[in-house]
Every structure is written in structure tokens, then in C-alpha cells.
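# An overview of the molecular structure
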Amino acid sequence: MSQFVVDADWLHWHQSPSVPHFKVPEGAVDAHCHVFGPGDQFPFAPQRKYTPCDASKDQLWALRDHLGFSRNVIVQATCHGADNRALVDALNHSNGLARGVATVTESITDEELQRLHEAGVRGVRFNFVKRLVDALPFDALKVIADKIKPLGWHIVIYFEAQELPELHEFFTALPTTVVVDHMGRPDVSQPVDGPEFALFLKLLAENENFWSKVSCPERISKVGPTGSYEDVVPFARTVVERFPDRVLWGTDWPHPNMKSHMPDDGHLVDMIPRIAPTEALQKKLLIDNPMRLYWAD
Ligand SMILES: O=C(O)c1cc(C(=O)O)oc(=O)c1
């Protein structure tokens, strides 16, 4: 029996996702996904806010092939804290087809950073979503940003839209490329041309070092899968059309902390032509941009 007991309300990832109708272009990158454990091999962090089911690298590769993708960017999940062993193991067994975003602490040495770089890590992630962390990582981020800059890495930040006014000044002072997870979690019940989303668009417009993932309709939508996540489309499409060279797309498999439903990953892929309606936009979103950020060498 596993040493970890999965949270009672944990939703397991979709066991038989559909084959997408939308055929992604050859070489497409799923630029936001996670691995969980397996917990008995790569233990979850003591300070984690949730205990998930296992979601292994081999299961991730199977999903990649099923959906027609070629590569993955694996983002360190908060349940693993700053212990990047599961991530590094996945990268090391990916035949060069996965790159990573790690979580590190202020005390990380240049040698440790170099080892992560050799494994395929190209960025570090910081979480400003209060339900996922004990303390907001302001001081650590400043120290770590200076340490990773010489490696050419970027910073991934996760926050929710209502926190942006308070965080804006801190974020715009960051010295590297900054990638925002899940469009900064807009409240899609507000108008797409309303003041809340305008602040996010302004962040991207005024700061050319800022990128956005147009991911996670399943988390952001109020109408959900029965409404085909329609309410998220204008938000994601606006970002893709205004900033075509600074957007990334990912499944977010295995979808941590989903409570309302578990998305069919094939349906998520079928959203791509709705948010990136031309072949040229799709190529930038799925190939050119992630390749530039993660496989520049
Ligand atoms: O909204 C979330 O709960 C969530 C959590 C994590 C994580 O725990 O790393 O990652 C995500 O991309 C989203």
C-alpha cells in the first residue's frame, strides 16, 4: 500500500480522453503539464496543500502521443515543493522531448542550478495563489531571479486576477522573461473589455518580457464543459491575437485540484482553433514560441 493517501475529494485525471478533431501541427508542444510522483518513488512534500493521485511520466508520454503532440514542458507541481526529483527523472527519460520548470529555494547553489539546466530545466515557478502556498515568495523571488538570469532562464508566475493590482509593481521589476500561468486566472463573468482584464492586457502590452499561457479553460470557465468553455474563448483569443509571439498552450494534465469536473483532454485540444483561428497563429502558439523559450539551444 502507498505511504500516501489521496485526498478524499481528489478527481482522477480522465481515463479515456477523446481523440481530438483538431490535428495539432507536427512538432507541437504541450507547454504546461505536471507529473505527480509516483509518491512511493518520489515522495510528495511535507508542506503540500494537497495529496494527489500518482501521474507518472509514462502516463504523460501516452497522453502526448494520444493527443498528437511531440513535446512537453513539465512544470513542477506545488505538491512536490522544491524537491525536483520527479521532474528531473521525467526529463532524463524523455529522449530530449521534455523540458522543465523547477521550483527552487533561495539557498540553491550555482552547481545545483547547472545540474538542473543539464537535465533540461529552463525556468523557475513561483506561486502567488494563496490556497497553494504558506507565504508569498517576494524575497526569495528577488534572490533567485538574480541567480537564474545568467542561465537565460525565465520565471513562471501563477496568480489570480484580483491580486494583480497589488502585485503589478513587483512583477514588472523582474529582470527576466516572465510567463504568466493560465492568463492570470481572469474572472470571465466580467466583460473581456472590462477593467480587470484590461490590467492584464496592459501588463503584456507595456512589458515585452511578459508572456502568457492561454491554458486552463476548465478552471476559468463558469459555463464548464457542457457550455464548451465558451466564456473563456474571447479572453484567450484576445491574448493570442494581440500577443501572438508571446503565448503558450498546455493541457495542465493531470489537472490538480479540479473539483467541478475532470476535463477530457481531447476536448481541450479542440479548443485551440477557437482561440488561435489561423494556421499561422497555431504554429506560433504550439511550435515557434515554446521552441524559442525551451529549446533555443
Ligand atoms: O489551480 C491549481 O490548483 C493549480 C495547481 C498547480 C500546482 O499545484 O502546481 O498547478 C497548476 O497549474 C494549477
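Residues numbered from 1 in each chain as written. Predicted model: local features only at pLDDT ≥ 70, side-chain atom pairs only at ≥ 80, totals over all residues.

### Some points on the sheet that holds strand β2 (residues 71–75)
Spatially, the eight strands line up as an open sheet ordered β1-β2-β3-β4-β5-β6-β7-β8, and their pairing is parallel. Single-partner strands in this sheet number two, and they are β1 (29–33) and β8 (247–248). As paired elements, strand β5 (residues 154–158) and strand β6 (residues 178–180) share three bridges and run parallel to each other. The residue of β6 that forms the bridge with I155 is V178. Sitting on the sheet, helix α2 (residues 85–92) touches β2 and β3 (98–102), and the angle it makes with β3 is about 165°. Most of the contacts of helix α11 (residues 279–294) go to β1, to which it runs at about 65°, and overall it touches β1, β2, β3, β4 (121–127), β5 and β8. (Pairing = 2+ DSSP bridges. Helix = DSSP H or I, 4+ residues; strand = E, 2+ residues; numbered from the N terminus. Contact = placed C-beta atoms within 7 Å. Axes fitted to C-alpha atoms, helices over the stretch in contact; angles between N-to-C directions.)

### What to know about the UniProt feature "domain: Amidohydrolase-related" (unreviewed entry) in the chain
The UniProt feature table records "domain: Amidohydrolase-related" (unreviewed entry) at residues 29–294. Secondary structure over residues 29–294 splits into 38% helix and 14% strand, and the C-alpha atoms at its two ends are 10 Å apart. (UniProt positions renumbered as here; feature names shortened; annotations may be inferred.)

### Overview of the site of the ligand
All residues adjacent to the ligand are A77, T78, C79, L132, D181, R219, D252, P256 and N257. Each residue belonging to the shell around the ligand can be placed in one class, and the counts come to four nonpolar, two polar and three charged. (Near = placed C-beta within 6 Å. Nonpolar A, V, L, I, M, F, W, Y, C, P; charged D, E, K, R; others polar.)

### Some words on the environment of F159
By secondary structure assignment, the location of F159 is in the loop between β5 and α5 (164–172). Distance in space between the C-alpha atoms of F159 and F126 is 9.0 Å, their sequence separation being 33 residues. For F159, the residues in contact, after removing those within four places along its chain, are F128, V129, L164, L167 and G184.

### With respect to α11
With 16 residues, α11 ought to run about 22 Å at 1.5 Å a step, and its terminal C-alpha atoms sit 21 Å apart, in line with that. At L285, α11 is bent by approximately 40°, the largest bend along its length. Turning to α11, its buried residues number three or more, namely Q282, K284, L285, L286, N289, P290, L293 and Y294. (Expected span 1.5 Å × (residues − 1). Bend = angle between axes of the 7 residues up to and from the residue. Buried ≥ 20, exposed ≤ 12 C-beta atoms within 10 Å, placed from the backbone.)

### A look at helix α6 (residues 195–206)
Spanning 12 residues, α6 covers 16 Å between terminal C-alpha atoms, matching the ideal 16 Å at 1.5 Å per step. Taken together, the buried positions of α6 are F197, F200 and L204. When α6 is viewed along its axis, its buried side chains cluster within an angular range of 55° and face the same direction. What points out from α6, more than 90 degrees from its buried face, is the exposed set P195, K202, A205 and E206. (Arc of directions from axis to C-beta.)

### Details of the nonpolar core
Among the nonpolar cores identified, the biggest contains 78 residues, and I74, V124 and I157 are the most heavily contacted of them. When residues in this core are grouped by element, the largest group, five residues, is from α2. Not counting chain neighbours up to four residues away, the residues in contact with V124 comprise V101, A102, T103, V104, I144, I148, W153 and I155. (Core = buried A, V, L, I, M, F, W, Y, C linked by C-beta atoms within 7 Å.)

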